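So the chains spell out like this:
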Amino acid sequence: MNRPKVYIARKIPYEVEEYIGKFCDYEKWGKNTEIPQDELFNRISDKDGVMLYGIKIDEALLDHAPKLKIVSNISAGYNNFNLEVMKRRNIMGTNTPGILNDTVADLVFGLILCSARKIVQADSYVKNCNWTHEYNLNLLGKDVHHSTLGIIGMGNIGTAVAKRAKLGFDMNVIYYNRNRKPEVEKNLGIQYCEFESLIKTSDFIVLLTPLTKDTYHLIDFKEFAMMKKSAILINASRGQIVNEEALVDALQNQKILGAGLDVYETEPIGTDNPLIKIPNVITLPHIGSGTSSTLYNMVKTAALNLVKGSYGEIPPNLVPELIK
């Protein structure tokens, strides 16, 4: 049997390359920059599989890859997949679920703490040599402990955040999800809450829901108007879940206290994006899963999916919508 041909469209650890090389003939994009579209289209023309991150999988790409059997996404999310097109063309698509749960939950709590206690501003205050014996009231923050945390999207990451909040900070945790999670409610002592009630009563609102047609701009002008003026919004899911124009308005006009962001409507954000000039928002460069061990495990899982699928076998992490 001929060895399948695959393309690695992102720089990955050499050990994972070696693993792929045991089973497949591979070519790779070895730079830290994103691969240009024309280069990718050219490279996958004769490939059975491709491993990538976040690149849109649509008719245009698949027209250039007539032999393609599998797209292996180095991500828990897969909103870059056009599932209908992939299903029609019998293309397998995989993700790397579960690996980043605790890592993202840690970052979410980092955003909560930094936003509430103005840690970034305080660091700049010291480094800019502005610290004097006089106490700076502008650095007064907001308590995290015993406050109300509202989580929208109670999947595995939401559960990990709820556990940290409840057991570590004695927070009152409420959540909204498409389906209730009685087991999580019982184990952690958290409560289900209707969407509007959560928006109105939470001190911290954490977004951890996938991006779908129903969650696009889930948080808009209407929702910001309902929030407490002391509320802090945390988004570590997908940028398009929040209407960024409404968020900027809420921050600039003190409709909410602040925000902590790891994701944006357009990434990377442009130099003209007003968010980078607003002091009461923390802006991170989409690093939710950004630890060396988590990234390695995600890439290794994506490689396992790639190899399995390139041989025409069902990979372990085939996304649910593409399971026959």
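Remember, it's a predicted structure, so these values are computed and weren't measured experimentally.

Listed under "domain: D-isomer specific 2-hydroxyacid dehydrogenase catalytic" (unreviewed entry) in the UniProt record, and renumbered for this structure, are residues 9–319. Secondary structure across residues 9–319 divides into 37% helix and 14% strand, with the first and last C-alpha atoms of the span separated by 20 Å.

Let us look at the UniProt feature "domain: D-isomer specific 2-hydroxyacid dehydrogenase NAD-binding" (unreviewed entry) in the chain. What UniProt calls "domain: D-isomer specific 2-hydroxyacid dehydrogenase NAD-binding" (unreviewed entry) maps, in this numbering, to residues 109–288. Overall, residues 109–288 shows 34% helix and 15% strand. The separation of its end C-alpha atoms is 11 Å.

On to helix H7 (residues 156–169). Taking 1.5 Å of rise per residue, the 14 residues of H7 would be expected to cover 20 Å, and the 19 Å separating its terminal C-alpha atoms lies within 8% of that figure. Looking at H7, one finds that the buried residues are Ile 157, Gly 158, Ala 160, Val 161, Ala 162 and Ala 165. One or two residues past the end of H7 sits Asp 170, with phi positive at roughly 50 degrees.

Put simply, helix H1 (residues 14–23) and helix H12 (residues 292–310) touch, their axes get as near as 10 Å, and they point 10 degrees apart. With respect to H12, the axis of H1 lies roughly parallel. On H12, the residues that touch Glu 15, Val 16, Tyr 19, Ile 20 and Phe 23 of H1 are Tyr 296, Val 299, Lys 300, Ala 303, Leu 304, Leu 306 and Val 307. Tallied by class, the residues present in the contact of H1 with H12 amount to ten nonpolar, no polar and two charged.

Turning to unusual backbone geometry, a few remarks are in order. Between Glu 267 and the following residue, Pro 268, the backbone shows a cis peptide bond with an omega angle of -10 degrees. Mapping Pro 268 onto the fold places it in the loop between strand E11 (258–261) and strand E12 (281–283). Positive phi is not limited to glycine here, since Asn 90 has a value of about 60 degrees. Tracing the backbone shows Asn 90 in the loop between helix H4 (83–88) and strand E5 (92–94). Residue classification places Asn 90 among the partly exposed positions, given a relative accessible area of 48%. Phi at Lys 118 takes a positive value of approximately 50 degrees, unusual for a residue other than glycine. Positionally, Lys 118 belongs in the loop between helix H5 (101–117) and helix H6 (119–127). Given a relative accessible area of 24%, Lys 118 falls into the partly exposed group.

Before going further, it helps to examine the sheet that holds strand E2 (residues 25–28). To summarise the sheet geometry, strands pair through backbone hydrogen bonds and adopt either a parallel or an antiparallel arrangement. Read across the open sheet, the five strands follow the order E2-E1-E3-E4-E5; overall the sheet is parallel. Edge positions in the sheet fall to E2 and E5, since each has one partner strand and no second. Across the sheet, the axes of successive neighbouring strands diverge by a mean angle of 15 degrees, strand direction being ignored. As judged from the four bridges shared by strand E3 (residues 49–52) and strand E4 (residues 70–73), these two strands associate in the parallel manner.

One pass over the full model with this rule turns up one cavity of 30 Å³ or more. Its boundaries defined by the atoms lining it, the largest cavity holds a volume of some 40 Å³. Forming the boundary of the largest cavity are Asn 235, Gly 239, Val 242, Glu 244, Leu 247, Leu 261, Val 263 and Tyr 264. Taken together, the residues of the lining of the largest cavity sort by class into five nonpolar, two polar and one charged.

The tally for this structure, following the rule as stated, stands at six aromatic pairs. Taking the centre distance of 6.2 Å and the plane angle of 35 degrees together, the rings of Tyr 176 and Tyr 192 count as tilted. Taken as a pair, Tyr 176 in strand E7 (residues 172–176) and Tyr 192 in strand E8 (residues 191–192) lie far apart in primary sequence, 16 residues in all. The class for Tyr 176 is partly exposed, based on a relative accessible area of 26%. Overall, Tyr 192 belongs to the partly exposed group, its relative accessible area being 22%.

Here the focus is the domain arrangement of the chain. Split by domain assignment, the chain resolves into domain 1 (5–98 + 292–322) and domain 2 (100–283). Here domain 1 and domain 2 have C-alpha centroids that lie 32 Å from each other. With seven residues of domain 1 at the contact, the number on the domain 2 side is five residues. Taken together, the two surfaces of domain 1 and domain 2 that pack against each other cover about 530 Å², and 48% of this comes from carbon and sulfur. If you sort the residues of domain 1 by the area they bury against domain 2, Asn 79, Gly 98 and Thr 294 come out on top, with a joint share of 71%. Where domain 1 touches domain 2, the interface holds zero salt bridges.

Thresholds applied
- Residues numbered from 1 in each chain as written.
- Predicted model: local features only at pLDDT ≥ 70, side-chain atom pairs only at ≥ 80, totals over all residues.
- Heavy atoms only, no water.
- UniProt positions renumbered as here; feature names shortened; annotations may be inferred.
- Helix = DSSP H or I, 4+ residues; strand = E, 2+ residues; numbered from the N terminus.
- Expected span 1.5 Å × (residues − 1).
- Buried < 20%, exposed > 50% of the residue type's maximum accessible area, 1.4 Å probe, protein only.
- Axes fitted to C-alpha atoms, helices over the stretch in contact; angles between N-to-C directions.
- Parallel < 35°, antiparallel > 145°, perpendicular 65-115°, else oblique.
- Contact = heavy atoms within 4.5 Å.
- Nonpolar A, V, L, I, M, F, W, Y, C, P; charged D, E, K, R; others polar.
- Pairing = 2+ DSSP bridges.
- 1 Å grid on protein atoms, 1.4 Å probe; cavity = no way out; pocket = protein on both sides within 12 Å on 5 of 7 lines; lining within 4 Å.
- Points joined across faces, edges and corners; volume = space filled by probe spheres on them.
- Phe/Tyr/Trp six-rings, centres within 6.5 Å; stacked < 30°, edge-to-face > 60°.
- Domains from an automatic or database assignment.
- Buried area = accessible area lost by both parts, 1.4 Å probe.
- Salt bridge = Lys/Arg side-chain N within 4 Å of Asp/Glu carboxyl O.

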